[in-house]
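# A structural walkthrough
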Amino acid sequence: MARLGWILFLIMTLIAGALAYKFILSGDTELAADGRKTILFEESERTFFLNEMRNFLIAVQQISDGIEKDDMDQIVAAAKKVGSGDLAHVPAGIMGKLPLAAKKMGLSTHRAFDQMAMDAESLGDKDHTLSQLNKILPTCTACHSLYRIM
Ligand code: HEC
């Protein structure tokens, strides 16, 4: 009886481990022909995700323009739009399908925009904003070189 208990325990542990790997580490992905990983979204998740991405690019454009014009209000407004307040609207399905590494890059990008908005408001220093932007952009390109979506 005790032995059966151990076998069951082992099986449950293996299943829990496999599920943790699938849902936390690897997300819902398959290898793409170009060597990236394809995240397997539903159509509605894909629409949501790409819309978020275009909002990122709008923010980058507005922030870059704000730096050139030394318009800190424009920078604060643009960075706030893509800050972590945005995350409240992300459908649960998207979070589940994103591999852990992608989730981390996504979260850190939203948080970096929070920090940019706060600093732009309190310091009003566009050079500081520019260096923050230059730290955010490599995360955009790193994620794009690792993942695509379907
Ligand atoms: C968590 C990973 C990740 C991060 C971080 C990320 N992206 Fe993306 N982005 C993607 C993926 C995946 C796609 C889809 C690419 C594909 O399927 O080829 C994408 C697509 C896009 C698109 C195309 C949108 C469309 O409608 O086709 C734009 C624009 C974009 N990203 C901008 C950005 C910008 C700007 C940043 C940084 C501020 C950024 N992304 C950060 C993963 C990411």
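The shown structure was predicted, so the numbers you read here are calculated from the model rather than taken from an experiment. (Residues numbered from 1 in each chain as written. Predicted model: local features only at pLDDT ≥ 70, side-chain atom pairs only at ≥ 80, totals over all residues. Heavy atoms only, no water.)

### Side note on the site of the ligand
Cut-off, in case you're wondering: Here, proximity means that at least one heavy atom of the residue falls within 4 Å of the molecule or strand. By the criterion applied in these results, polar contacts are pairs of N or O atoms within 3.5 Å in which, for protein atoms, one can donate a hydrogen and the other can accept it, and in which residues neighboring in sequence qualify only through two side-chain atoms. Using only the protein atoms, space was sampled on a 1 Å grid; points where a 1.4 Å probe fits but cannot get out form cavities, open sets with protein on both sides within 12 Å along at least five of seven lines form pockets, and lining residues are those with an atom within 4 Å of a point. Put plainly, a molecule is in a cavity or pocket when over half of its atoms are within 2 Å of the grid points there. By definition, any uninterrupted DSSP run of H or I lasting at least four residues is a helix, any uninterrupted run of E lasting at least two residues is a strand, and each is numbered from the N terminus.
Near the ligand lie 18 residues; those nearest to it are Met 53, Arg 54, Cys 140, Cys 143 and His 144. Arg 36 places a side-chain nitrogen or oxygen 3.4 Å from an oxygen atom of the ligand. The cavity where the ligand resides is the largest pocket. Among the secondary structure elements, those contributing two or more residues to the shell around the ligand are α2 (43-69), α5 (100-123), α6 (126-146) and β3 (147-149).

### Observations regarding the coordination of the iron atom of the ligand
To keep it simple, the criterion reads: Donor atoms: N, O and S within 2.8 Å of the metal, or within 3.2 Å for Na, K and Ca. Because water is excluded, sites can look incomplete. The rule is simple: four donors are tetrahedral if all their angles sit between 85 and 135 degrees, four are square planar and six octahedral if opposite donors span more than 155 degrees and the others lie between 65 and 115, and anything that fits none of that is irregular. Relative accessible area decides the class of each residue, using a 1.4 Å probe on protein chains only: under 20% of the type maximum gives buried, over 50% gives exposed, and in between gives partly exposed.
Those donors, Met 53 (SD) and His 144 (NE2), are the protein atoms that reach the iron atom of the ligand, and they lie 2.0 to 2.2 Å from it. If you look at the iron atom of the ligand, its 6 donor atoms make angles of 87 to 178° with each other, and the shape they trace is octahedral. Highlighted residues: Met 53 in helix α2 and His 144 in helix α6, separated in sequence by 91 residues. Overall, the relative accessible area of 47% leaves His 144 in the partly exposed class.

### Observations regarding the nonpolar core
Definition in use: For the purposes of this section, nonpolar cores are sets of buried Ala, Val, Leu, Ile, Met, Phe, Trp, Tyr and Cys residues that join through side-chain atoms within 4.5 Å. Contact definition: two residues touch when any of their heavy atoms are within 4.5 Å.
The biggest cluster of nonpolar side chains holds 17 residues, and the ones touching the most others in it are Ile 63, Ile 75, Ala 79, Phe 113, Met 116 and Leu 133. Put simply, the parts of the chain that give this core at least two residues each are α2, α3 (72-81), α5 and α6. If sequence neighbours within four positions are ignored, Ile 75 has contacts with Ile 63, Gly 66, Ile 67, Met 116, Ala 120 and Thr 129. Formed by 11 residues, the second largest nonpolar core is a distinct cluster that contains Phe 41, Phe 49, Met 105 and Tyr 147.

### Re the packing of aromatic side chains
To keep it simple, the criterion reads: Any two of the Phe, Tyr and Trp rings considered here, Trp counted by its six-membered ring, make a pair once their centres fall within 6.5 Å; the pair's planes then place it as stacked at under 30 degrees, edge-to-face at over 60, or tilted in between.
Considering all chains together, one arrives at 3 aromatic pairs under this definition. On the basis of an interplanar angle of 90° and a centroid distance of 5.7 Å, the ring pair of Trp 6 and Phe 9 is categorised as edge-to-face. Remark: Phe 9 and Trp 6 occur in helix α1 (residues 2-26); sequence separation between them is 3 residues, near one turn of the helix. With a centroid separation of 5.2 Å and an interplanar angle of 50°, the aromatic rings of Phe 41 and Phe 49 are classed as tilted.

### Topic: the side chain of Gln 74
Summarising the element assignment, Gln 74 is placed in helix α3. You can call Gln 74 buried: its relative accessible area is 16%. Within the structure, the side chain of Gln 74 is placed 3.0 Å from the side chain of Asp 65, a separation counted as a polar contact. Apart from the residues within four sequence positions on either side, Gln 74 is in contact with Gln 62, Asp 65, Gly 66 and Lys 69.

### As for the side chain of Glu 45
Looking at where Glu 45 falls in the secondary structure, it is placed in helix α2. Residue classification places Glu 45 among the buried residues on the basis of a relative accessible area of 9%. There is a polar contact of 2.8 Å between the side chain of Glu 45 and the side chain of Lys 97. If we skip the residues at most four places from it in the chain, Glu 45 touches Gly 93, Ile 94 and Lys 97.

### Describing the packing of α5 against α6
This is how it is decided: Angular values range over 0 to 180 degrees, each being the angle between N-to-C directions of two axes fitted as lines to C-alpha atoms, with helices fitted over their stretch in contact. The cut-offs work like this: below 35 degrees is roughly parallel, past 145 is roughly antiparallel, 65 to 115 is roughly perpendicular, and the gaps in between are oblique. We call Asp, Glu, Lys and Arg charged. Ala, Val, Leu, Ile, Met, Phe, Trp, Tyr, Cys and Pro are nonpolar, and the rest, Gly among them, are polar.
One can describe the packing of α5 onto α6 by two numbers: an axis separation of 10 Å at closest approach and a directional angle of 170°. Comparing their axes, α6 and α5 come out roughly antiparallel. In this structure, α5 contributes Met 105, Ser 108, Thr 109, Ala 112, Phe 113, Gln 115, Met 116, Asp 119, Ala 120 and Leu 123 to the contact, and α6 contributes His 128, Thr 129, Gln 132, Leu 133, Ile 136, Thr 139, Ala 142, Cys 143 and Leu 146. For the contact of α5 with α6, the per-class residue count stands at 11 nonpolar, 7 polar and 1 charged.

### Notes on the layout of surface pockets
The test is simple: Grid points are joined across faces, edges and corners, and a volume is the space filled by probe spheres set on the points.
As a volume, the largest pocket reaches approximately 650 Å³. For the lining of the largest pocket, the secondary-structure elements that each account for two or more residues are α2, α4 (92-97), α5, α6 and β3. Tallied by class, the residues present in the lining of the largest pocket amount to 21 nonpolar, 6 polar and 4 charged.

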